[in-house]
Amino acid sequence: MAEDKSKRDSIGMNMKGCQTNNGFVHNEDILEQTPDTGSSADNLQHSTTSILGSQEPDFKGVQPYAGMPKEVLFQFSGQARYRIPREILFWLAVASVLVLIAATVAIIVLSPKCLDWWQEGPMYQIYPRSFKDSNKDGNGDLKGIQDKLDYITALNVKTVWITSFYKSSLKDFRYGVEDFRQVDSIFGTMEDFENLVAAIHDKGLKLIIDFIPNHTSDKHTWFQLSRTRTGKYTDYYIWHDCTHENGTTVPPNNWLSVYGNSSWHFDEVRNQCYFHQFMKEQPDLNFRNPDVQEEMKEILRFWLTKGVDGFSFDAVKFLLEAKHLRDEIQVNKTQIPDTVTQYSELYHDFTTTQVGMHDIVRSFRQTMDQYSTEPGRYRL
């Protein structure tokens, strides 16, 4: 009886292996039922045939089903109707990647440069007074910069940026310019500057210089003529009536200087207050006056003809102020107005980035583009 049970188990396992699995677990009890004794001989013969027959299962007529073993899966995956679409999709994916790579390379090669010359490499900024002193007078100068060009070139620098070297007072790091067309004598002469420009270009470098259009020094010729109301210079600066008694000035509004305290200063010659965003020795130009804009464009043209490649514009957001002269809003509204003296204590909605500022800057760029066959060559 034990031998018969073993044979029945073998036959049952063989039958189970050929059953179709539709993703459900079959009831194992069905295979464990006692077989009919009358058919035991037939079952034994069938089992023997299965064991002695081919070891490779025959999947003809079998349909794919969920949970199929890998042997069955491999039989289907190798069929032409499954293999050919798979290979087509694979080679289409490869071709698509190659096309995308080729298109990317073509766009990079054929497209115009994304970066301008002043963005392509390092820029070396020089404050002339603290750079090399060529004549041992205690101040760095233009000849000293020229002497160090080999060193600058060795740093793989592409552009030299020279900060303010104009004739000016020592106020605010020489940003109170007395003459935009002159080199301050402590730095050298105009000839020294022209030689420096030529040497910079001989090294394959570009030159940028500072430009400060917002204000001048109170010693500038324009301001001296404006305070005496001389001709077109009368409105070159921002003047307004104010009260001045016993040495005390009551300004037109609460606008403050960047360095603190009122941005209005009384001038005894004109008997009015002039506006200054920075120091009182640096009166603001009136950029709502077309003559002022044209003057500044002429200064740009002057330096462009000297060979300058670009400019770093300083304090551009201060070019225009609101016409209405209304008080600016306090950051702390509970603060006593008379105690508001620091620049950070006001919201500067009326003294910075006014409507029209970008038009002025655009006109500067157009002026510079006139000196180049490559629009946008000059840095602003």
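Residues numbered from 1 in each chain as written. Predicted model: local features only at pLDDT ≥ 70, side-chain atom pairs only at ≥ 80, totals over all residues. Heavy atoms only, no water.

Moving on, we get to the packing of aromatic side chains. By the definition in use, this model includes 27 aromatic pairs. Look at Trp255 and Trp264: their rings are 6.3 Å apart centre to centre, the planes differ by 25°, and that puts the pair in the stacked class. Given a relative accessible area of 2%, Trp255 falls into the buried group. The ring of Tyr151 is capped by Lys148, whose NZ or CZ atom sits 5.0 Å from the centre of that ring. A cation over an aromatic ring shows up here: Lys206 above the ring of Trp117, its NZ or CZ 5.6 Å from the ring centre. (Phe/Tyr/Trp six-rings, centres within 6.5 Å; stacked < 30°, edge-to-face > 60°. Buried < 20%, exposed > 50% of the residue type's maximum accessible area, 1.4 Å probe, protein only. Lys NZ or Arg CZ within 6 Å of the ring centre and 35° of its normal.)

Summing up the model confidence of the protein chain, the mean pLDDT is 84 and the portion of residues at 70 or higher is 81%. Counting interchain partners and residues more than four positions distant, the pLDDT-below-50 stretch residues 37-54 has nine contacts. Across residues 375-379 the pLDDT falls below 50, and counting only partners more than four positions away or on other chains, this stretch makes 30 contacts in the model. (pLDDT = per-residue confidence, 0-100. Contact = heavy atoms within 4.5 Å.)

To continue, consider the UniProt feature "transmembrane region" (unreviewed entry) in the protein chain. UniProt's feature table lists "transmembrane region" (unreviewed entry) at residues 88-110, given in the numbering used throughout. Along residues 88-110, the helical share is 100% and the strand share 0%, with 32 Å between the first and last C-alpha atoms. (UniProt positions renumbered as here; feature names shortened; annotations may be inferred. Helix = DSSP H or I, 4+ residues; strand = E, 2+ residues; numbered from the N terminus.)

You can see Asn286 is positioned in the loop between strand E10 (272-275) and helix H10 (290-305). Taking relative accessible area as the criterion, Asn286 reaches 17% and is therefore assigned buried. The residues contacting Asn286, other than those within four sequence positions of it, are Asp235, Tyr236, Tyr237, Ile238 and Val292.

Time to look at a nonpolar patch on the surface. A surface patch of nonpolar side chains, about 750 Å² in accessible area, is lined by Val97, Leu98, Ile101, Val105, Ile108, Val109 and Leu110. Along the chain, Leu110 falls in helix H5 (residues 80-110). A relative accessible area of 72% places Leu110 in the exposed class. (Patch = residues over 30% accessible without salt bridge, like charges linked within 9 Å, V, L, I, M, F, W, Y side chains within 5 Å. Areas by Shrake-Rupley, 256 points an atom, 1.4 Å probe, with all protein chains shown as cover. Salt bridge = Lys/Arg side-chain N within 4 Å of Asp/Glu carboxyl O.)

Considering the arrangement of structural elements, one finds Ser217 in the loop between strand E5 (206-211) and helix H9 (221-227). Here the side chain of Ser217 touches Lys219 through a polar contact of 3.0 Å, landing on its backbone nitrogen. Among all residues touching Ser217, those that are not within four sequence positions of it are Gly176, Val177, Glu178, Phe223, Glu281 and Pro283. (Polar contact = N/O pair within 3.5 Å; in protein donor to acceptor, adjacent residues only side chain to side chain.)

Remark on secondary structure: sheet strands pair via backbone hydrogen bonds, oriented parallel or antiparallel. Taking strand neighbours across the sheet as the criterion, the four strands line up as E1-E2-E5-E11 in an open arrangement whose pairing is parallel. Every other strand in the sheet has two partners, leaving strand E1 (123-126) and strand E11 (310-313) as the edge strands with one partner each. Pairs of neighbouring strands in the sheet enclose a mean axial angle of 25°, with direction left out of account. In the sheet, E5 pairs with E11 via four bridges, with the strands oriented parallel. (Pairing = 2+ DSSP bridges. Axes fitted to C-alpha atoms, helices over the stretch in contact; angles between N-to-C directions.)

Once that is clear, we can look at unusual backbone geometry. A positive phi angle, near 60°, is found at Ala315, a position not held by glycine. Inspection of the secondary structure assignment puts Ala315 in the loop between E11 and helix H11 (357-369). When its relative accessible area of 14% is taken as the criterion, Ala315 is described as buried. The phi dihedral of Thr353 is positive, around 50°, even though this residue is not glycine. With respect to the secondary-structure elements, Thr353 resides in the loop between E11 and H11.

Taking 1.5 Å of rise per residue, the 16 residues of H10 would be expected to cover 22 Å, and the 23 Å separating its terminal C-alpha atoms lies within 8% of that figure. Capping the start of H10, Asn289 holds a side-chain oxygen 2.9 Å from the backbone nitrogen of Asp291, two or three residues further along. The first or second residue beyond H10 is Gly307, which carries a positive phi of 105°. (Expected span 1.5 Å × (residues − 1).)

With that settled, the discussion passes to the state of the cysteines. Scanning the model with the defined rule gives one disulfide in all. One disulfide bridge connects Cys242 with Cys273, the sulfur atoms lying 2.0 Å from each other. Its S-S torsion of about 85° marks the bond between Cys242 and Cys273 as right-handed, since a negative value means left-handed. With Cys242 in the loop between strand E6 (239-240) and strand E7 (243-245) and Cys273 in strand E10, this residue pair connects regions lying 31 residues apart in the sequence. We classify Cys273 as buried; its relative accessible area is 0%. (Disulfide = S-S within 2.5 Å.)

On to the nonpolar core, then. Among the nonpolar cores identified, the biggest contains 54 residues, and Phe193, Trp303 and Phe311 are the most heavily contacted of them. Among the nonpolar cores identified, the runner-up in size contains ten residues, and Trp255, Phe266, Phe275 and Ala322 belong to it. (Core = buried A, V, L, I, M, F, W, Y, C linked by side-chain atoms within 4.5 Å.)

Turning to the packing of H10 against H11, a few remarks are in order. Contact pair H10 / H11: the axes reach a minimum separation of 10 Å and the direction vectors enclose 35°. Remark: the crossing between H10 and H11 carries right-handed chirality. Between H10, through Gln293, Met296, Lys297, Leu300, Arg301 and Leu304, and H11, the contact on the second element is made entirely by Ile360, Ser363, Phe364, Thr367 and Met368. Tallied by class, the residues present in the contact of H10 with H11 amount to six nonpolar, three polar and two charged. (Left-handed = near helix turned anticlockwise from the far one by under 90°. Nonpolar A, V, L, I, M, F, W, Y, C, P; charged D, E, K, R; others polar.)

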